[in-house]
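The lines below spell out each chain.
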Amino acid sequence: MSKIVNIPTDPGSDAETISAALAARLKQHRKEQKLSLDELSRRAGVSKGMLVEIEKGNANPSIAILCKLAAALGISVADIVNVASTPSIHVIEQQDIPVLWTGPAGGSARLLAGTSGPDMVELWRWEMHPGEVFTSPGHPHGTFELFHVEQGVLELCVADTVTTISAGNAAVARTDAPHHYANHGDGLLIFTMTVAEPGS
């Protein structure tokens, strides 16, 4: 169940509506760039079958797949899930903030806000229950992340370097290598994370 996109955590959330909106926005960005499914599949390294299912609203792509698609389209994940900012102030209502990961014990990752790509910045809020782990294959070259732990202890591993970040502390990490976040404590882990990804 880990790394699943748009699993609702609020009563009344409609996963089908979210998936349909995601599908429509992805298809719109692809059409605007005049890309066939075959070409987007080649650029992103995502199977054509998966792309077809996403555009039909039948698939819940992982964060990793969304990152690959966004990079291939030269946009940000926030552009795809429609929380990207505009030149003026843009308020994202609580009910419109997407959940892009749920853990097996009920943890969640919400993409609070983000700028449009290709030079993009994203603001995330994570809650991880004891034993939950999120792994990433790594972002494009030059990507870094900023962390602030509100509660619990975050284990952050980038490549072969493992660091623990306690409540109240902050950290900066280059995340263009495989990495993971984990909660090996006994209580809830809550942290905010900013991702900064330079355009190619």
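The numbers attached to residues start from 1 for each chain and follow its sequence in the written order. In view of the model being predicted, local features appear only for residues whose pLDDT reaches at least 70, and side-chain atom pairs are presented and counted only at 80 or more, with totals across whole chains, interfaces and linings using the full set of residues. To obtain the side-chain values, all non-hydrogen atoms of the structure were included, while hydrogens and water were left out.

Draft legend 1. Highlighting the sheet that holds strand β6 (residues 153–158). Taken together, the four strands give an open sheet; going across it, the order is β4-β9-β6-β7, and neighbouring strands pair in antiparallel fashion. Strand pairing shows two members of the sheet lacking a second neighbour, β4 (133–136) and β7 (161–166), which therefore form its edges. Along the sheet, successive strands turn relative to each other by an average axial angle of 15°, direction set aside. What makes two strands pair is DSSP finding at least two bridges between them. To qualify as a helix, a DSSP run of H or I must reach at least 4 residues; to qualify as a strand, a run of E must reach at least 2; elements of each kind are numbered from the N terminus. As paired elements, β6 and strand β9 (residues 179–182) share four bridges and run antiparallel to each other. Within β9, the position partnered with L156 by the bridge is Y181. Note on method: axes are straight lines fitted to C-alpha atoms, helices fitted across the in-contact stretch only, with angles between N-to-C directions ranging 0 to 180 degrees.

Draft legend 2. Up close: the pairing of strand β5 (residues 144–151). Note: β5 against strand β8 (residues 170–174), five bridges, orientation antiparallel. Looking across to β8, one finds that H148 is bridged to A170. Bridge analysis of β5 against strand β10 (residues 189–197) gives seven bridges, and the strand direction is antiparallel. Of the residues in β10, the one forming a bridge with E145 is V195.

Draft legend 3. Highlighting the sheet that holds strand β3 (residues 120–128). One open sheet holds the six strands; their spatial order is β1-β2-β3-β10-β5-β8, and the pairing between them is antiparallel. Only two strands of the sheet have a single partner each, and these edge strands are β1 (99–102) and β8. With strand direction ignored, the average angle separating the axes of adjacent strands in the sheet is 20°.

Draft legend 4. Summary view of the pattern of salt bridges. The salt bridge definition used is simple: a Lys or Arg side-chain nitrogen within 4 Å of an Asp or Glu carboxyl oxygen. By the definition in use, this model includes six salt bridges. Notably, a salt bridge pairs R30 with E55, separated by 2.7 Å at the nearest N-O pair. Of this pair, R30 sits in helix α1 (residues 15–32) while E55 sits in helix α3 (residues 48–56), and the two are 25 residues apart along the sequence. Like E55, R30 is buried. E39 is paired through a salt bridge with R43; the nearest N and O atoms lie 2.9 Å apart. With a gap of four residues between them, E39 and R43 both fall in helix α2 (residues 37–44), about one helical turn apart. Only protein chains enter the area calculation, which uses a 1.4 Å probe; residues under 20% of their type maximum are buried, those over 50% are exposed, and those in between are partly exposed. On the accessibility criterion, E39 (22% relative accessible area) is partly exposed. One connected set of salt bridges, linked through shared partners, spans E39, R42 and R43.

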